[in-house]
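A look at the structure
Here is how the chains run, residue by residue.
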Amino acid sequence: PEELLCMKKEETLENIVIPVDKLFLDYEEVVLDAFLSGKAKNGIPIRKKGFKEGTLYRIYDENHEFLCISEYRENAFYLKKAFWN
């Protein structure tokens, strides 16, 4: 832990730690506006058309902050796993 804190202070932590969303690059990304991002953070299904049924997506907010993995079904994104702070 001390070494990690030191690396954080020296801004070298990014050399050994990867962002969690990089683990899901096989999933297509979807960026939501501020209103829909707020709904997603409250676990409310996000209604949208034109996505593939039964598919998992990486969901980002308007600032491109990774929020969650959601499954698209019945014309909406349903939260599978949240990653926001």
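Residues numbered from 1 in each chain as written. Predicted model: local features only at pLDDT ≥ 70, side-chain atom pairs only at ≥ 80, totals over all residues. Heavy atoms only, no water.

Note: strand E1 (residues 28-31) against strand E3 (residues 55-60), four bridges, orientation parallel. Bridge pairing in E3 places Val30 opposite Ile59. Inspection of the sheet shows E3 paired to strand E4 (residues 66-73) by six bridges, in the antiparallel sense. Directly across from Tyr57, in E4, lies its bridge partner Ser70. (Pairing = 2+ DSSP bridges. Helix = DSSP H or I, 4+ residues; strand = E, 2+ residues; numbered from the N terminus.)

Moving on, we get to the environment of Glu74. Position of Glu74 among the secondary structure elements: in the loop between E4 and strand E5 (76-82). Sequence spacing of Glu74 and Asp21 is 53 residues, and the spatial spacing of their C-alpha atoms is 25 Å. If sequence neighbours within four positions are ignored, Glu74 has contacts with Arg47 and Glu53. (Contact = heavy atoms within 4.5 Å.)

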